[in-house]
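Analysis of the macromolecular model
These are the residues of each chain, in order.
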Amino acid sequence: MALAAGRAMLMRSGVRLGTQAAARGGNGARRFMNHRVVVEPNTVPGVAVIKFKNPPVNSLTLEFLTEFVICLEKLENDKTFRGVVLTSDCPGIFSAGLDLREMCGKNPAHYAEYWRAVQEMWLKVYLSNLVLVAAINGTSPAGGCLIALSCDYRVLADNPRYRMGLNETLLGLVVPFWFKDTLVNTIGHRASERALQLGLLFPPAEALQLGMVDQVVPEDQVQSTALSVMTQWLAIPDHVRQLTKNMIRKATADHLIKHQEADIQNFINFISRDSIQKSLQVYLENLKQKKH
Ligand SMILES: CC/C=C\C/C=C\C/C=C\C=C\CC(=O)SCCNC(=O)CCNC(=O)[C@H](O)C(C)(C)COP(=O)(O)OP(=O)(O)OC[C@H]1O[C@@H](n2cnc3c(N)ncnc32)[C@H](O)[C@@H]1OP(=O)(O)O
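The notes below deal with the structure included here. Counting restarts for each chain: residues are numbered from 1 in the order of the written sequence. Only residues with pLDDT of at least 70 are given local features in this predicted model, and only at 80 or more are side-chain atom pairs given and counted; all residues enter the totals for whole chains, interfaces and linings. Side-chain calculation: all heavy atoms of the structure are included, whereas hydrogens and water are not.

**Observations concerning the pairing of strand E3 (residues 37-41)**
For E3, the tally of buried residues reaches five of five residues, placing the bulk of the element in the interior. Buried means the residue's accessible area, taken with a 1.4 Å probe over protein chains only, is under 20% of the maximum for its type, while exposed means over 50%, and partly exposed covers the values in between. Put simply, DSSP H or I for four residues or longer makes a helix, DSSP E for two residues or longer makes a strand, and each gets a number counted from the N terminus. Every second residue of E3 is oriented toward a common face, with Val 37, Val 39 and Pro 41 on one face and Val 38 and Glu 40 on the other, all of them buried. The criterion for strand pairing is that DSSP finds at least two bridges linking the strands in question. Relative to strand E4 (residues 47-52), E3 is paired through five bridges, and the arrangement is antiparallel. Residue pairing across strands places Val 37 opposite Phe 52, the latter belonging to E4. Between the antiparallel neighbours E3 and E4 lie five residues, among them Gly 46 with a positive phi of about 80 degrees.

**Focus on helix H11 (residues 274-289)**
Since there are 3.6 residues in each turn of an α-helix, residues three or four apart along the chain are aligned in direction. How far a helix is expected to stretch is found by multiplying one less than its residue total by 1.5 Å. The terminal C-alpha atoms of H11, which comprises 16 residues, lie 22 Å apart, in line with the 22 Å expected from a rise of 1.5 Å per residue. Of all the positions in H11, only Ile 276, Gln 277, Leu 280 and Leu 284 are classed as buried. Angular distribution of buried residues about the axis of H11 spans 100 degrees; they occupy a single face of the element. Away from its buried face by more than 90 degrees, H11 exposes Asp 274 and Lys 278. In this description, contact between two residues means that some pair of their heavy atoms is separated by no more than 4.5 Å. Taken together, the buried residues of H11 touch helix H3 (108-126) and helix H10 (260-271). This arc is built from the directions going out from the helix axis to the C-beta atoms.

**Description of the packing of helix H5 (residues 177-187) against helix H6 (residues 189-198)**
Across the interface, H5 lies against H6 with an axial gap of 7 Å and an inter-helix angle of 135 degrees. Between H5 and H6, the crossing angle belongs to the class labelled oblique. The two elements H5 and H6 cross, and the hand of that crossing is right-handed. Contact residues: Lys 180, Leu 183, Val 184 and Ile 187 in H5; His 189, Ala 191, Ser 192, Ala 195 and Leu 196 in H6. Interaxial angles span 0 to 180 degrees and are taken between N-to-C directions of axes, which are lines fitted to C-alpha atoms, for helices over the stretch in contact. Here the angle decides the label: under 35 degrees means roughly parallel, over 145 means roughly antiparallel, 65 to 115 means roughly perpendicular, and every other value means oblique. Left-handed describes a crossing whose near helix is turned anticlockwise from the far helix through less than a right angle; right-handed describes the clockwise counterpart.

**Details of the state of the cysteines**
Disulfides are defined in this document as cysteine sulfur pairs within 2.5 Å. Within this structure, the stated rule accounts for zero disulfides. With no disulfide of its own, Cys 71 lies closest to Cys 151 among cysteine sulfurs, the gap being 14 Å. We note that Cys 90 lacks a disulfide partner, and the nearest cysteine sulfur, in Cys 71, lies 15 Å from it.

Written out as structure tokens, the structure is:
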């Protein structure tokens, strides 16, 4: 169902599924390539590595979200895969979060389509039957952080330039309740109150101390650590682990599922306000200015 919706979404946004290619890597492994998401089976049996490849900053465009969901769905339906490592192909950036241009100067129909895609991506990641380990090899604000928080385990590169957190208030945005729930479930209520209101982005040592990530390791060991953690998780039989995961996460996901349409409408109303549009434009302009 989500796959069909995703395909329709890709068609609407002009992305041709026919451009997906399959090739054999050096180790003979099959390697699926989309435009923006690359899926590589790994040396660890049953484990795939998804690399975000939406340069320059892996922002979560509609096309990216659609390809990502389709990739995850394919892997879930392929019984040879039990676990996935999520990482980035863009140096120094895991994901810059939601694509600000998708939320700026567009019409309500576009905002509705975009927000549904963000919701569907989160539900797919958060409730995935697969073991998901985030190998966070770069900065991950807002929506990028949400993806990592929705995985089962997080390994972050020990680079003081990398920051992680939900910084929505710094953009003049109210954090969606399900982003908030995901953070609260990870770092607790009090730490979330402070982090969310101040829009804090944490360097690795602080992210570790807060429990926002599970491990901080040297940058060149992020993926190998994620893979060895995966081995530990895969030692547990899938059905008991999946039932346990579902038991823990279901209430949080159901909260969004129950209010999905209202959440879309709230998003449209909020993002369409002149004041919010101005804030986003200023934020984008500031990103440009900092280069000069
Ligand atoms: C009542 C409530 C109801 C409902 C809820 C309502 C609203 C909630 C709505 C939204 C929630 C949003 C969550 C989000 O994810 S918002 C996005 C937050 N992301 C950020 O703040 C990151 C911004 N980017 C950066 O800080 C930096 O770009 C960087 C640290 C990621 C990388 O820095 P670099 O120096 O390496 O690169 P730059 O030169 O800054 O950027 C290159 C290029 O990319 C553009 N860009 C960067 N980030 C984004 C983005 N998120 N979306 C779109 N485009 C982005 C940047 O402008 C540059 O473009 P140009 O080359 O200048 O064209």
